[in-house]
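Each chain, letter by letter, is given below.
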Amino acid sequence: MVHQLGQAPRPATNDQHHELHQQLVQKVMSHYSEYYRVKSLAAKNDILSVFSAPWCTSLERSLHWISGWRPTTAFHLIYTESSVLFESHIIDILRGLRYGDLGDLSPDQLRRVSELQCQAVQEENAIADELSDWQDGASEVIGLMGDIDAKMEGLVSILERADKLRMKTIENLVQLLSPQQAVEFLIAAAHLQFGIRRWGINHDRQRGNP
């Protein structure tokens, strides 16, 4: 899928290009939705395994926020990609040329990104507080004084809230970006994920971890 995104024509110069970008973005979003659906089922079956994520590298686990990537990371990625592309095109921009990429974010788009980031931070904090409350009740689990199944269901609920925020964050960003910009954002997100995994694998190998 990442290969298909990378092969998409950029800049988009006609309606056919725009339509192709939109189709690719929708396909990726469907993959994201299916991933979180399956993850939710797995969590209900064994929430502690999903949280410990034994299939991830040590580096990946160290970066996890409630068994996944922190939603506000997406906004930092947008700002970074936009800044890099803007600087690389600065001469052309001064000449009035535009590429339609993430370096061409409009003032209105930047305003919306900032608003969405603030909203995401508030939701992150609320979910983190809920997890903190759950962890404060760990003595009930250790002492077997409470309903263990109910405690685990509470953890599943927290994870599902976190995953819903992750999915909503991607959807919101994709909606405010043009199809070409959305393609570039999804490529950057995939490269970040694959890069972290690659570094993590190399690190674990050097340390002799499986």
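Definitions and limits used
Residues numbered from 1 in each chain as written. Predicted model: local features only at pLDDT ≥ 70, side-chain atom pairs only at ≥ 80, totals over all residues. Heavy atoms only, no water. 1 Å grid on protein atoms, 1.4 Å probe; cavity = no way out; pocket = protein on both sides within 12 Å on 5 of 7 lines; lining within 4 Å. Points joined across faces, edges and corners; volume = space filled by probe spheres on them. Helix = DSSP H or I, 4+ residues; strand = E, 2+ residues; numbered from the N terminus. Expected span 1.5 Å × (residues − 1). Phe/Tyr/Trp six-rings, centres within 6.5 Å; stacked < 30°, edge-to-face > 60°. Buried < 20%, exposed > 50% of the residue type's maximum accessible area, 1.4 Å probe, protein only. Axes fitted to C-alpha atoms, helices over the stretch in contact; angles between N-to-C directions. Parallel < 35°, antiparallel > 145°, perpendicular 65-115°, else oblique. Contact = heavy atoms within 4.5 Å. Nonpolar A, V, L, I, M, F, W, Y, C, P; charged D, E, K, R; others polar.

- As named in an unreviewed UniProt entry, the protein is Transcription factor TGA5, taken from Nicotiana sylvestris.

## Describing the layout of surface pockets
Here is step 1: For the largest pocket, the calculated volume is near 1,200 Å³.
Here is step 2: Lining the largest pocket are 36 residues, with Tyr32, Tyr35, Tyr36, Trp69 and Gln193 sitting closest to its centre.
Here is step 3: Put simply, the parts of the chain that give the lining of the largest pocket at least two residues each are helix H1 (2–7), helix H2 (15–45), helix H4 (58–63), helix H5 (73–88), helix H9 (148–176) and helix H10 (179–206).
Here is step 4: For the lining of the largest pocket, the leading source of residues is H10, giving nine residues.

## Here we look at H10
Here is step 1: Between the first and last C-alpha of H10 there are 41 Å, a value that for 28 residues agrees with the 40 Å anticipated at 1.5 Å per step.
Here is step 2: Downstream of H10 by one or two residues, glycine 208 has phi in the positive range, about 80 degrees.

## Quick word on the packing of aromatic side chains
Here is step 1: Counted by the stated rule, this structure contains one aromatic pair.
Here is step 2: Geometrically, the ring pair formed by tyrosine 35 and tyrosine 36 is edge-to-face, given 5.0 Å between the ring centres and 65 degrees between the ring planes.
Here is step 3: The class of tyrosine 35 is partly exposed, set by a relative accessible area of 48%.
Here is step 4: With a relative accessible area of 10%, tyrosine 36 lands in the buried category.

## Some thoughts on the packing of H2 against H9
Packed helix pairs are specified by the crossing angle of their axes together with the interaxial distance, meaning the distance between the axes.
Here is step 1: The N-to-C vectors of H2 and H9 enclose an angle of 175 degrees; their axes lie 10 Å apart at closest approach. Classified by the interaxial angle, the pair formed by H2 and H9 is roughly antiparallel. For the pair H2 and H9, the contacting residues are Val25, Met29, Tyr32, Ser33, Tyr36, Lys39, Ser40, Ala43 and Lys44 in the first and Val156, Leu159, Glu160, Asp163, Arg166, Met167, Ile170, Glu171 and Val174 in the second.
Here is step 2: A class-by-class count of the residues in the contact of H2 with H9 yields 10 nonpolar, two polar and six charged.

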